[in-house]
Amino acid sequence: MSSSDIFIGETIGTAILILLGGGVCAAVTLKASKARNAGWLAITFGWGFAVLTAVYTSAPLSGAHLNPAVTLALALKKNGISWSDVPVYWGGQLLGAMIGAALVWVAYYGQFHAHLTDKEIVGGPGAQATTAKAVEAQEKGAGPVLGIFSTGPEVRVAWQNVATEVIGTIVLVLAVLTQGLNDNGNGLGVLGALITSLVVVSIGLSLGGPTGYAINPARDLGPRIVHALLPLPNKGGSDWSYAWVPVVGPLIGGAIAAGIYNVAFA
């Protein structure tokens, strides 16, 4: 695979991943959406199908890593990808995540505006939050629609939040390394895409409750940047004090998973 193929494939694939994954979060969250309050099952399966679609689309070009933690693990894996390709993968993943998040905003533009100008959501004159939930979110630095773009903890305990992301990412990356790789070992294969998407659903159902299961640095950081840049009325903060957790945790998890694989399976 050439560098251009890698970059284009990761950009397209990650954009699709975030468009569909962020899209289901928007569908469930925004007040004027037909899927409002569809619940956690809709979100977990929505993200699983997002992974499936994104992988099948981008695998022929780049191997469909779509996740810096997966790329790191494949670089650390015995006979893995070249380290010189890692920045190309990461760059495409971050750009794709930002594009996907922007497309969610476009697709739900009217719903975002209706949600963020609704007094039940943002409060009365001057958009001062009046509900306990909105006040709590603002105190934590997270605006009322940040969850559509990025993750956040239900209980803010840094070491536990990092540990949750590490554990979830270990499960994901071990599944990729042991069951998901193509014949060349440099990305996901046809059957591996299906297996990985089901693993993502399982992680969401079992381990997603504490932090929202980022398990992917680009998936969280790219959309968080877009949230900070978009002209959303009354959007509140982007919770940058937490932003390091869904970046550092998955990278640690990916590295640990690669180590386990090299010792036990390679």
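Anything mentioned here points back to the structure above.
Cut-offs and rules
Residues numbered from 1 in each chain as written. Predicted model: local features only at pLDDT ≥ 70, side-chain atom pairs only at ≥ 80, totals over all residues. Heavy atoms only, no water. Core = buried A, V, L, I, M, F, W, Y, C linked by side-chain atoms within 4.5 Å. Buried < 20%, exposed > 50% of the residue type's maximum accessible area, 1.4 Å probe, protein only. Contact = heavy atoms within 4.5 Å. Helix = DSSP H or I, 4+ residues; strand = E, 2+ residues; numbered from the N terminus. Expected span 1.5 Å × (residues − 1). Axes fitted to C-alpha atoms, helices over the stretch in contact; angles between N-to-C directions. Parallel < 35°, antiparallel > 145°, perpendicular 65-115°, else oblique. Phe/Tyr/Trp six-rings, centres within 6.5 Å; stacked < 30°, edge-to-face > 60°. Salt bridge = Lys/Arg side-chain N within 4 Å of Asp/Glu carboxyl O.

A look at the nonpolar core
Then step 1. In terms of nonpolar packing, the biggest core is built from 63 residues, with Leu 17, Trp 47, Phe 112, Val 145, Ile 148, Phe 149 and Leu 232 touching the most fellow members.
Then step 2. Once you skip the residues sitting within four places of it in the chain, Phe 149 turns out to touch Ala 101, Phe 112, Arg 219, Pro 223, Val 226, His 227, Leu 230 and Leu 232.

Regarding helix 4 (residues 86-107)
Then step 1. Taking 1.5 Å of rise per residue, the 22 residues of helix 4 would be expected to cover 32 Å, and the 31 Å separating its terminal C-alpha atoms lies within 8% of that figure.
Then step 2. Regarding helix 4, the residues found buried are Val 86, Val 88, Tyr 89, Gly 92, Gln 93, Gly 96, Ala 97, Gly 100, Ala 101, Val 104 and Trp 105.
Then step 3. At its buried positions, helix 4 is contacted by helix 1 (3-29), helix 2 (40-62), helix 3 (68-76), helix 5 (109-116), helix 8 (146-149) and helix 11 (217-229).

With respect to the packing of helix 3 against helix 4
Then step 1. The contact between helix 3 and helix 4 brings their axes to 9 Å, and the two run at 170°. In terms of axis orientation, helix 3 runs roughly antiparallel to helix 4. In this structure, helix 3 contributes Pro 68, Thr 71, Leu 72 and Ala 75 to the contact, and helix 4 contributes Val 86, Tyr 89, Trp 90 and Gln 93.

Remarks on the packing of aromatic side chains
Then step 1. All chains considered together, the criterion is met by five aromatic pairs.
Then step 2. Relative to Tyr 213, the ring of Trp 40 lies with its centre 5.9 Å away and its plane at 70°, an arrangement referred to as edge-to-face. Of the two residues, Trp 40 is situated in helix 2 and Tyr 213 in the loop between helix 10 (190-207) and helix 11; the sequence distance between them amounts to 173 residues.
Then step 3. Owing to a relative accessible area of 36%, Trp 40 belongs among the partly exposed residues under this scheme.
Then step 4. Centroid distance Phe 45 to Phe 49: 6.3 Å. Interplanar angle 45°. Geometry classified as tilted. In this pair, Phe 45 and Phe 49 both sit in helix 2, four residues apart, roughly one turn of the helix.
Then step 5. The exposure class of Phe 49 is exposed, given its relative accessible area of 52%.

Brief notes about unusual backbone geometry
Then step 1. Backbone geometry places Leu 66, a non-glycine residue, at a positive phi of 60°.
Then step 2. Examined against the element boundaries, Leu 66 turns out to sit in the loop between helix 2 and helix 3.
Then step 3. Since its relative accessible area comes to 4%, Leu 66 is described here as buried.
Then step 4. In this model, Tyr 213 sits at a positive phi of 45°, which is unusual for a non-glycine residue.

Quick word on the pattern of salt bridges
Then step 1. This structure, assessed with the given rule, holds four salt bridges.
Then step 2. Between Asp 239 and Arg 156 there is a salt bridge; the shortest N-O distance is 2.8 Å. Separated by 83 residues along the polypeptide, Asp 239 in the loop between helix 11 and helix 12 (245-264) and Arg 156 in the loop between helix 8 and helix 9 (158-180) bring together distant segments of the chain.
Then step 3. On the basis of relative accessible area, Asp 239 is assigned to the buried category, the value being 4%.
Then step 4. Residues Arg 224 and Asp 220 are paired through a salt bridge, measuring 2.7 Å at the closest nitrogen-oxygen approach. Residue Arg 224 and its partner Asp 220 are located together in helix 11, separated by four residues, close to a single helical turn.
Then step 5. Exposure remark for Arg 224: the relative accessible area of 0% places this residue in the buried category.

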